[in-house]
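Overview (structure and organization)
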Amino acid sequence: MTVRRILHLSDIHFGCEDKAAVEAATAYCHATPSDLVLVSGDITQKGYGREFEAAGAWLKSLPEPVFVIVGNHDVPYWDPIARVFHPWRAFEEATGHPAHDHEHDAPGLMVRGVVTARGWQMRANWSKGVIDLDQTRRAAEALKAAPAGTLRVIACHHPLIEMIGTPMTGDVKRGDAAAQIFTEAGVDLIVSGHVHVPFALPIKLGKGCSYAVGCGTVSHRERGAPPSFNRIEWDDDRIVVTALGWNGTAFEDWQTWELGRRKDTRDPDFDPPIDMTPAEKIPGR
């Protein structure tokens, strides 16, 4: 049975990146064949031009195909006009990727990006998430139309629902409603960053077909966990998420979650419900 692979990185934060970890992660991406390198936002620290220049060069150095979405740090931090009128212009110019309705469509794999970050919002903490339900529905309909057997992935920066045990929250406005829409559309994975620690947990909404998968950081902005990124592998029966942790000189397998997979996630009654409790194994380091 053919095993497919996504390499999932997030929160590089150029401007305070861990240079050694970034270099090793890049080398790993080149040494490990994958269907996609997915970067779930916060490629810069404060949205400075020099940070975007470094981030853009790094993205171009990765093996194709690459898919990247915006995070809350990817807005010009000290530019109020840009924040209000064109918060993602610098991101799009540096990366060559659209901020909105980004899509990767290949045989057996479909990824759709949704924006949860904002240049500004009507609350004090602008780092928190907001999701637009019209964009949510467009993404859900696109993924629902993918052929049976396709791995359907939503990529966003903030976790849509709060994850117990993470060091911070996404506090995404309308996040639960969006997660419900994606689950009902048969999305397999909702992948995110922001909290800087890895996780893989079932989304227990409705009959439950989807999993939330979070990625760590490869920056110096650690929150009680080493720099890390994810290797997501799948076949017809299961999805295996492995977080690779930085030991100071190299990345090694650190935490692994094995997730069951329905035959057709668009139809909860297609076959019996799977066990939505993933088995977590934490090998010694």
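This write-up is about the structure you can find in this document.

1. As for the sheet that holds strand β6 (residues 151-155)
Pairing within the open sheet is mixed, and its 6 strands lie in the order β4-β5-β6-β7-β9-β8. Strands with a single pairing partner mark the edges of an open sheet, and in this sheet they are β4 (103-106) and β8 (199-202). Across this sheet, the average inter-strand angle for adjacent strands is 20°, counted without regard to direction. Bridge analysis of β4 against strand β5 (residues 109-113) gives 4 bridges, and the strand direction is antiparallel. Bridge pairing in β5 links glutamate 103 to arginine 112.

2. Section: the pattern of salt bridges
Pairs can form between side chains of opposite charge once their charged atoms are near each other. If you walk through the whole model with that rule in mind, you get 11 salt bridges. Among the salt bridges present, the one from arginine 137 reaches aspartate 134, with a minimum N-O distance of 3.5 Å. A residue pair is termed a helical-turn pair when its members lie 3 or 4 positions apart in one helix, as arginine 137 and aspartate 134 do in helix α5 (residues 133-144) at 3 residues. A residue is classified by how much of its surface remains accessible, and aspartate 134, at 49% relative accessible area, is partly exposed.

3. Description of unusual backbone geometry
With omega at 0°, the peptide bond leading from glutamate 64 into proline 65 counts as cis. With respect to the helices and strands, proline 65 occurs in the loop between α2 (49-61) and β3 (66-68). One non-glycine residue, aspartate 42, lies in positive phi territory at about 55°. Relative to the elements of secondary structure, aspartate 42 occurs in the loop between β2 (36-39) and α2. On the basis of relative accessible area, aspartate 42 is assigned to the buried category, the value being 1%. Here the phi dihedral of histidine 196 falls at roughly 70°; this positive angle occurs in a residue that is not glycine.

4. Side note on the environment of proline 63
Along the chain, the position of proline 63 falls in the loop between α2 and β3. For the pair proline 63 and histidine 30, spaced 33 residues apart in the sequence, the C-alpha separation amounts to 6.1 Å. The residues touching proline 63, leaving out its near neighbours within four places in the chain, are Cys29, His30 and Val37.

5. Topic: the nonpolar core
Within the largest apolar cluster, 50 residues are counted, with the highest numbers of intra-cluster contacts made by Ile6, Leu38, Val153, Ile154, Leu160, Phe182 and Leu189. Excluding residues that lie within four positions of it along the chain, leucine 38 makes contacts with Ile6, Leu7, His8, Leu9, Phe67, Val111, Val153, Ala155 and Val191. Core analysis: the next-biggest nonpolar cluster, separate from the first, contains 33 residues, Phe14, Tyr28, Phe229 and Leu244 among them.

6. Structural notes on α5
Each α-helix turn comprises 3.6 residues. Residues three or four places apart therefore point the same way. Between its first and last C-alpha atoms α5 spans 16 Å; for 12 residues at 1.5 Å apiece the expected length is 16 Å, and the two agree. When α5 is considered as a whole, its buried residues turn out to be Leu133, Gln135, Thr136, Ala139, Ala140, Ala142 and Leu143. Of the surrounding secondary structure, the elements contacted by the buried residues of α5 are β4, β5, β6 and α6 (175-184).

7. Observations regarding the environment of valine 39
Looking at the element boundaries, valine 39 is found in strand β2. Of the residues examined, valine 39 reaches a relative accessible area of 0% and is grouped as buried. It is 8.1 Å that separates the C-alpha atoms of valine 39 and aspartate 11, two residues lying 28 residues apart in sequence. With sequence-adjacent residues up to four places away left out, valine 39 is seen in contact with Leu9, Ile12, Trp58, Leu59, Phe67, Val68 and Ile69.

8. Thoughts on the packing of α5 against α6
Between α5 and α6, the shortest axis-to-axis distance is 9 Å and the interhelical angle comes to 15°. The orientation of α5 with respect to α6, classified from their angle, is roughly parallel. Pair α5 / α6 crosses with right-handed handedness. Taking contact as the criterion, the partners of Leu133, Thr136, Arg137, Ala139 and Ala140 in α5 are, on α6, Ala177, Ala178, Ile181 and Phe182. Broken down by class, the residue content of the contact of α5 with α6 amounts to 7 nonpolar, 1 polar and 1 charged.

So, how was this worked out
- Residues numbered from 1 in each chain as written.
- Predicted model: local features only at pLDDT ≥ 70, side-chain atom pairs only at ≥ 80, totals over all residues.
- Heavy atoms only, no water.
- Pairing = 2+ DSSP bridges.
- Helix = DSSP H or I, 4+ residues; strand = E, 2+ residues; numbered from the N terminus.
- Axes fitted to C-alpha atoms, helices over the stretch in contact; angles between N-to-C directions.
- Salt bridge = Lys/Arg side-chain N within 4 Å of Asp/Glu carboxyl O.
- Buried < 20%, exposed > 50% of the residue type's maximum accessible area, 1.4 Å probe, protein only.
- Contact = heavy atoms within 4.5 Å.
- Core = buried A, V, L, I, M, F, W, Y, C linked by side-chain atoms within 4.5 Å.
- Expected span 1.5 Å × (residues − 1).
- Parallel < 35°, antiparallel > 145°, perpendicular 65-115°, else oblique.
- Left-handed = near helix turned anticlockwise from the far one by under 90°.
- Nonpolar A, V, L, I, M, F, W, Y, C, P; charged D, E, K, R; others polar.

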